[in-house]
Amino acid sequence: MRWGGGRRAAAAAVLVSACAGEATVEPRPAAPVLSDVSTAANPYNALSIIVSFRVARADSVRVVYDGWGERDAATPFFAVRDGPARIAVVGLRPNTPYTLHLEAAGAGGAVSHADVGAATGELPPVLRSVHLKITGVLSPGFLLTVPEFFDRGANGYVLIFDEAGALRWYREFDGEGWAVEAKQQLNGDITVYLGRSYGYQPVSGRFAEIRPSGEEVRSFSVSSPSYTDPHELILGFRDTTLDRVHLLGYDVRPMNLTSIGGSPIAPVAVHFIERKSASGITEFRWSAADHYSPSDWPVADPSLPDLDHPSSLAIGADGNYVVSLQALDEVAAIDARTGAFLWRMGGRNNQFAIVNDPLAGFQGQHHAQLLGTDHLLLLDDRPRASPPGARAVEYALDVPGRVARMVWEYRPDPPVISQIMGSVQRLRTGNTLVGFALAGRIDEVDPGGAKIAEADLVGGDDVRVQFYRVLRIGSLYRSEMP
């Protein structure tokens, strides 16, 4: 066992007495004390056990546990102060007995507490058959996703699976409608949109921030009376303290669509980017209404209730925004201070020559993000393509020269039809995780474009379940590069 930093036992310091010139040994600090250890079920997650205890003279504590198929597994060390504390052990298996013990470290050394026993509970009925059906071998880690059109009731879910396809973490949201965009933020918490909107229905929704234990700690929404869009929330931190909140919102405005056969007062959702301080003060707002009109639609459609439909928001290495405007087939980079366009790619406002791309660009795209400063990676859903079929695609951008060169793509054969939703994530290994959301399918692809694993999100009778995005995370407790 290795102890680091404040967890190492402090060496005895030898001090020289100024008056006597004699060496004296400073007393060794007393060892940590653990007491009043107990366990309880986690009310938010049956795949979790809460360990409560009292601690003295320790700077950190962890839980080590054994269970079926899991030997000497452990939580990370958590910082503690003298007094009562608790740790939520997560990522367990349902209906399984576990043996657990605490380990504490401090200036006086390291101690362990005697074993205690506990058992996990049963999954909610709707989740008991949900798993990933895997062909091939996924890279190590966890897969976080939100199933869509899953429980036709009023509940939403965030699910996290291991690389073997087993459900290891979940959070059910009772009565708040659909769950949509979810991710692990830089502080290790999970955020998720809750509400009955896919970005144009005029209903109240919000983002909830959830600890790994399942407890809700904060809620985020755009400034009233606008509506919070479900597609993206990005939290910015200064060290471990929340610093900025970046999210999308929209208003529903009447628009004259008679020129394309619509109503003179058609209700259309118009979106904006909003940045807030940690205290909730709006610092920046960029509105699509200042830059777009229905004449920018790639196909005139009077039934379209959405002017721009921002399917993702990202922050580049330079701190500026990259927004995917799905309804316009456009990805735009926007100055995060002035709101000016830095560049625009795709759609009617395209500024780039797109080269080396056999499909000559993208349409209906999702999850656009910059890799480094000059590579654009996105999921190209291609909802109007003939023949249909979604792909992941990467472009190298020469922004000054306005040239976008396709340098990588992944197109399954046979094609996968996934006209909406979905995601693409470049992993630390160079592999790419591709979520064909409408098809309920996840592919992991090597740098050469070869599929190394396929995972289908399935429920009862192995029926595929649609999802919004899928993201790999390295830990259930903290943010780690996947």
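Preceding this section is the structure that the text describes.
These remarks concern the structure in this document. None of the values given here were measured: they were computed from a predicted structure.

Rules used throughout
Residues numbered from 1 in each chain as written. Predicted model: local features only at pLDDT ≥ 70, side-chain atom pairs only at ≥ 80, totals over all residues. Heavy atoms only, no water. Phe/Tyr/Trp six-rings, centres within 6.5 Å; stacked < 30°, edge-to-face > 60°. Helix = DSSP H or I, 4+ residues; strand = E, 2+ residues; numbered from the N terminus. Buried < 20%, exposed > 50% of the residue type's maximum accessible area, 1.4 Å probe, protein only. Lys NZ or Arg CZ within 6 Å of the ring centre and 35° of its normal. Salt bridge = Lys/Arg side-chain N within 4 Å of Asp/Glu carboxyl O. Pairing = 2+ DSSP bridges. Axes fitted to C-alpha atoms, helices over the stretch in contact; angles between N-to-C directions. Contact = heavy atoms within 4.5 Å.

**Considerations on the packing of aromatic side chains**
Ring pairs (aromatic) are described by centroid distance and by the angle formed between their planes.
Here comes step 1: Summed over all chains, the structure comprises 11 aromatic pairs.
Here comes step 2: Aromatic side chains Tyr65 and Tyr98 sit 6.0 Å apart centroid to centroid with 70 degrees between the ring planes, which places their arrangement in the edge-to-face category. Of this pair, Tyr65 sits in strand E5 (residues 60–67) while Tyr98 sits in strand E9 (residues 97–106), and the two are 33 residues apart along the sequence.
Here comes step 3: By relative accessible area, which is 7% here, Tyr65 ends up buried.
Here comes step 4: Through successive ring pairs, a cluster of aromatic residues spans Trp286, Tyr292 and Phe341.
Here comes step 5: The lysine or arginine in question, Arg285, covers the ring of Phe272, its NZ or CZ lying 3.7 Å from the ring centre.
Here comes step 6: The ring centre of Trp408 lies 5.2 Å from the NZ or CZ of Arg426, which sits over that ring.

**Structural notes on the pattern of salt bridges**
Here comes step 1: Per the counting criterion, the structure on display carries 37 salt bridges.
Here comes step 2: Notably, a salt bridge pairs Arg168 with Asp162, separated by 3.1 Å at the nearest N-O pair. Across the pair, Asp162 and Arg168 agree in class, each one buried.
Here comes step 3: One continuous salt-bridge network, built from bridges that share partners, spans Asp357, Asp380, Arg382, Arg391, Glu409 and Arg411.

**Topic: the sheet that holds strand E12 (residues 131–136)**
Here comes step 1: If you trace the 5 strands from one edge of the open sheet to the other, you get E12-E36-E35-E34-E33, paired in antiparallel fashion. Only two strands of the sheet have a single neighbouring strand rather than two, namely E12 and strand E33 (423–426). Across the sheet, the mean angle separating the axes of adjacent strands is 15 degrees when strand polarity is ignored.
Here comes step 2: Two strands pair when backbone bridges link them, and strand E34 (residues 432–436) and strand E35 (residues 441–445) are joined in this way by 5 bridges, in the antiparallel orientation. Each residue of the ladder has a partner; that of Thr432, found in E35, is Val445.

**Regarding the environment of Arg382**
Here comes step 1: Along the chain, Arg382 turns up in the loop between strand E30 (375–380) and strand E31 (391–398).
Here comes step 2: Distance in space between the C-alpha atoms of Arg382 and Gln419 is 6.1 Å, their sequence separation being 37 residues.
Here comes step 3: Setting aside anything within four residues of it in sequence, one finds Arg382 in contact with Leu359, Gly361, Phe362, Gln363, Gly389 and Arg391.

Without other data, these values stay purely geometric and don't point to any function.
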